[in-house]
Amino acid sequence: MNPYRTTNASPVLVGAGLRKSYGLTRALAGVDVSVSAGESLAIMGPSGSGKSTLLHCLAGIERPDEGQVLLAGERVDQLGEPERSELRRTRFGFVFQSGQLLPELPADENVALPLMLGGISRRQAVQNAREWFPPLGLAGLEERRPGQLSGGQAQRVAIARALVGGPQVIFADEPTGALDQVTGMEVIDLLVTTTRRQGAALVVVTHDEDVARWCDRTIRVRDGRLSEDHRTPDGAAVTNAVAHAARGTAGRPAGYDADTRYNR
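Here is what the cut-offs are and how they apply
Residues numbered from 1 in each chain as written. Predicted model: local features only at pLDDT ≥ 70, side-chain atom pairs only at ≥ 80, totals over all residues. Heavy atoms only, no water. Axes fitted to C-alpha atoms, helices over the stretch in contact; angles between N-to-C directions. Helix = DSSP H or I, 4+ residues; strand = E, 2+ residues; numbered from the N terminus. Parallel < 35°, antiparallel > 145°, perpendicular 65-115°, else oblique. Left-handed = near helix turned anticlockwise from the far one by under 90°. Contact = heavy atoms within 4.5 Å. Nonpolar A, V, L, I, M, F, W, Y, C, P; charged D, E, K, R; others polar. Buried < 20%, exposed > 50% of the residue type's maximum accessible area, 1.4 Å probe, protein only. Pairing = 2+ DSSP bridges.

**Q** Just checking my understanding: could you explain the packing of helix α3 (residues 107–117) against helix α5 (residues 151–163) for this structure?
**A** A pair of packed helices can be characterised by two numbers: the angle between their axes and the separation between those axes. With their axes 7 Å apart at the nearest point, α3 and α5 run at an angle of 30° to one another. Between α3 and α5, the angle is such that the two are roughly parallel. Like other packed secondary-structure pairs, α3 and α5 cross with a definite hand, here right-handed. Note on element contacts: α5 touches α3 through Val157, Ala160 and Arg161, opposite Ala107, Asn110, Val111 and Pro114. Among the residues forming the contact of α3 with α5, the class breakdown is five nonpolar, one polar and one charged.

Spelled out as structure tokens, the structure:
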């Protein structure tokens, strides 16, 4: 049995008939997509195919010209900008390629920031944020600033920030794009498994086939349309994990402890 497989739950996020143009350039030409709680969805396609526009419409960053975006049955596309901004802060989480951490804040305050923006006291927000550090392999790094973190550590801080508010959907835009292969696989492993454990849906835009194979489903976008929608075969994620473990330990110095691999 594939432990990465999700049940056939009702979709938590739905995009129906999505169309979006920028002047004469058509970015989306009638896209239908859905993702369920605990499910991970990879969006792939060549540059200019419309995959980032699709993510932006699903996340309420942009409004589609036509079609609907529904979160748990609520029309996201009909909300005003203040309501969509609040939605992005409270019910959505985001992980970007560069992490986009604030350099002047320590790691724990970067994670706590969405809570503080929501009105929670700094003390309580930081306390809640620090609970995410041990399970994400970040224990002891709470007071380091982004410039003192490795790329993999910074991305795990960004994952903690995305999850700290208990969102329904996490959006990740090329989350491994700035990392080396081994660290990138560690990050996507952590992202997929942690979001599933929290019962959140995960939507990942990526160019990397290895990243997509960690997700439950992959859709491919070409010329603003879906050209493919397929599920990762049963057992494939387990195979990925075994292969990744082999890659991660190959060539390590003597005495390397696999339990410390997330400290990079």
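**Q** Honestly, the environment of Gly17 in this entry has me stumped. Any pointers?
**A** Along the chain, Gly17 turns up in strand β1 (residues 11–22). Residue class for Gly17 comes out partly exposed when judged on its relative accessible area of 28%. C-alpha separation for the pair Gly17 and Val69, spaced 52 residues apart in sequence, amounts to 9.0 Å.

**Q** I keep staring at the sheet that holds strand β6 (residues 92–96) and nothing clicks. Help me out?
**A** Pairing between the strands of a sheet comes from backbone hydrogen bonds, and it takes one of two forms, parallel or antiparallel. Taken in spatial order, the six strands line up as β6-β7-β8-β3-β9-β10 in an open sheet, and their pairing is mixed. Edge positions in the sheet fall to β6 and β10 (225–231), since each has one partner strand and no second. If you compare each strand with its neighbour and ignore which way they point, the axes differ by 15° on average. As judged from the six bridges shared by strand β9 (residues 217–222) and β10, these two strands associate in the antiparallel manner. Residue Thr218 lies in a different strand from β10, and its bridge partner there is His230.

**Q** What is the right way to read the environment of Ala200 from this model?
**A** Within the secondary structure, Ala200 sits in the loop between α6 (181–198) and β8 (201–205). By relative accessible area, Ala200 is classed as buried at 1%. Placed 160 residues apart in sequence, Ala200 and Ser40 show a C-alpha to C-alpha distance of 8.7 Å.

**Q** Hey, could you run me through unusual backbone geometry in this one?
**A** Negative phi values dominate among residues other than glycine, just as trans dominates among peptide bonds. In the Ramachandran plot, Glu174 falls in the positive-phi region, its phi being about 50° despite a non-glycine side chain. Looking at where Glu174 falls in the secondary structure, it is placed in the loop between β7 (169–173) and α6.

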